[in-house]
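# Fold and geometry: a report
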Amino acid sequence: MIRVALLFFMLLAFSACATAQNTVDTPRRGEGINAFLERNDRPGRAYYREFLRLNKSKLRGKKQLLMGVKYTLPPLHDGAETQKGSQGKKIVSQPLFGKKLADVEVTGNRLKGACFYVVSGHGGPDPGAIGRVGKHQLHEDEYAYDVALRLARNLMQEGAEVRIVIQDAKDGIRDDRYLSGSKRETCMGDPIPLNQVARLQQRCDKINLSYRKDKKNYKYCRSIFIHVDSRSKRAQTDVFFYYAPGSKLGRRLAENMRDTFESKYDKHQPNRGFEGTVGARNLYVMVNSVPVAVYVELGNLQNSFDQRRFVLSDNRQALAKWLMEGFIKDYKGN
């Protein structure tokens, strides 16, 4: 029994050491520092400065990479960098939003003191559900990701801290109707595995690791998982929400989201009504991630009426704005 216990603690120690080791990579022929970092999902000035600090003894002329040398990569973070604008306003730079929208001016404080983990469904080798409009394919992961980025930006504008868990270093926020698919998405820089359980556990691990630090600094931490459902083509559905079974705070958040959408539909489409639902569901990411969470299905990717909710960029922006306002409603009542 003692030997088994000793072996267990030795394995734990080995695992901890392996986790603590820095990630290294060797540059390819012709790569400069920026290209090297971008290939390793670490774009932007913050990563560049950290790379120079970590590798100052391995560079030729301070800023030139050497072939065959293993360079230490900066630890992955959410990529956001804070600075002051010309009029003293807070500007947060987030390259994941794309070049035109990377600089986010903080215009409000309704979510100051809050931290969010924004997770778009699927990604990498798994596109999720696939709908069709004529010759065009609609990939669930691309549309969920675009709404997730828009939501993240809205939250940041209101003073929140945001962790974007699924990331694509190239796409950014897009206004196209038909979003091209790719497999380059990562989970905060790490390749997304094909195995479903491994894929879901990976994002839970990233959230839980961040949450252990964030809960000391933020009084309100919440996760949101964004998906697009796939049902019969005839099944038109409104946005609906899930919470983890037994989570009173999760249920309250889901209900606040639903109520926000209902009020928006009453205002903008008063004769239509809103039939979005709230329910408890034993979903893997809800059970295995620690922060209070809401799981959102934006509609039916197969239904022609619901497809308009996704292919029009203004509609994707409205979805993101209403999700943000649902969070504000919940935060105020916290």
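Here's what I pulled together on the structure shown here. Remember, it's a predicted structure, so these values are computed and weren't measured experimentally. (Residues numbered from 1 in each chain as written. Predicted model: local features only at pLDDT ≥ 70, side-chain atom pairs only at ≥ 80, totals over all residues. Heavy atoms only, no water.)

When you go through the protein residue by residue, the secondary structure sums to 9 helices and 16 strands. Every one of the 334 residues in the protein was classed for burial, and the buried ones make up 49%. A fraction of 70% describes how many contacts in the protein between residues 6 or more apart in sequence connect residues 24 or more apart. A total accessible area of about 17,600 Å² is found for the protein, and carbon and sulfur atoms account for 50% of it. (Helix = DSSP H or I, 4+ residues; strand = E, 2+ residues; numbered from the N terminus. Buried < 20%, exposed > 50% of the residue type's maximum accessible area, 1.4 Å probe, protein only. Contact = heavy atoms within 4.5 Å. Areas by Shrake-Rupley, 256 points an atom, 1.4 Å probe, with all protein chains shown as cover.)

Right, let's talk about the pairing of strand E8 (residues 136-139) for a bit. In summary, the side chains of a regular strand alternate between the two faces of the sheet. Note that strand E7 (residues 130-133) and E8 share 4 bridges and pair antiparallel. Within E8, the position partnered with Val133 by the bridge is His136. A loop of 2 residues connects E7 with E8, the two strands running antiparallel in sequence, and Gly134 in this loop sits at a positive phi of about 60 degrees. (Pairing = 2+ DSSP bridges.)

A complete count under the given rule lists 25 salt bridges for this structure. Salt-bridge contacts for Arg251 lead to Glu255; the nearest nitrogen and oxygen are separated by 3.0 Å. With Arg251 and Glu255 both in helix H6 (residues 248-268) and 4 residues apart, the pair spans about one turn of that helix. Since its relative accessible area comes to 27%, Glu255 is described here as partly exposed. Between Asp259 and Arg258 there is a salt bridge, and its shortest N-O distance comes to 2.9 Å. For Asp259, a relative accessible area of 30% translates into the label partly exposed. Three or more residues joined by partner-sharing salt bridges are found here, namely Glu142, Asp168, Asp171, Arg174 and Arg184. (Salt bridge = Lys/Arg side-chain N within 4 Å of Asp/Glu carboxyl O.)

Moving on, we get to the pairing of strand E13 (residues 220-229). E13 sits mainly inside the fold: 10 of its 10 residues count as buried. Along E13, one buried face is formed by Tyr220, Arg222, Ile224, Ile226 and Val228 and the opposite face, lined by Cys221, Ser223, Phe225, His227 and Asp229, is buried too. Note that strand E6 (residues 114-120) and E13 share 7 bridges and pair parallel. Pairing of Ala114 across the sheet is with Tyr220, part of E13. Two strands pair when backbone bridges link them, and E13 and strand E16 (residues 292-300) are joined in this way by 7 bridges, in the parallel orientation. Counterpart to Phe225 in the pairing with E16 is Tyr295.

With glycine set apart, most residues show a phi of negative sign, and most peptide bonds adopt trans. With a phi close to 65 degrees, His122 is a non-glycine residue in the positive phi region. Among the structural elements, His122 can be located in the loop between E6 and E7. With phi around 50 degrees, Met188 is a residue other than glycine that occupies positive phi space. Position of Met188 among the secondary structure elements: in the loop between strand E11 (186-187) and strand E12 (190-191). Exposure remark for Met188: the relative accessible area of 9% places this residue in the buried category.

Residues Leu151, Leu155, Ile224, Ile226, Leu323 and Phe327 are the most contacted members of the largest nonpolar core, which totals 53 residues. Broken down by element, this core gets its largest block of residues, 10 residues, from helix H4 (residues 140-157). Excluding anything up to four places from it in sequence, Ile226 contacts Val118, Val119, Ser120, Gly121, Ala144, Val147, Ala148, Leu151, Val296, Leu298 and Leu323. (Core = buried A, V, L, I, M, F, W, Y, C linked by side-chain atoms within 4.5 Å.)

Applying the stated criterion across every chain yields a total of 14 aromatic pairs. Centroid distance Phe36 to Phe51: 5.9 Å. Interplanar angle 65 degrees. Geometry classified as edge-to-face. Within this pair, whereas Phe36 is found in helix H2 (residues 33-39), its partner Phe51 is found in helix H3 (residues 45-54), the two being separated by 15 residues in sequence. A centroid spacing of 6.3 Å and a plane angle of 70 degrees characterise the contact between Phe36 and Tyr71, whose relative ring orientation is edge-to-face. Residue Phe36 is located in helix H2, and its partner Tyr71 is located in strand E2 (residues 71-72); the two are separated by 35 residues in the primary sequence. Directly above the ring of Tyr220 sits Arg222, whose terminal nitrogen or CZ lies 4.0 Å from the centroid. (Phe/Tyr/Trp six-rings, centres within 6.5 Å; stacked < 30°, edge-to-face > 60°. Lys NZ or Arg CZ within 6 Å of the ring centre and 35° of its normal.)

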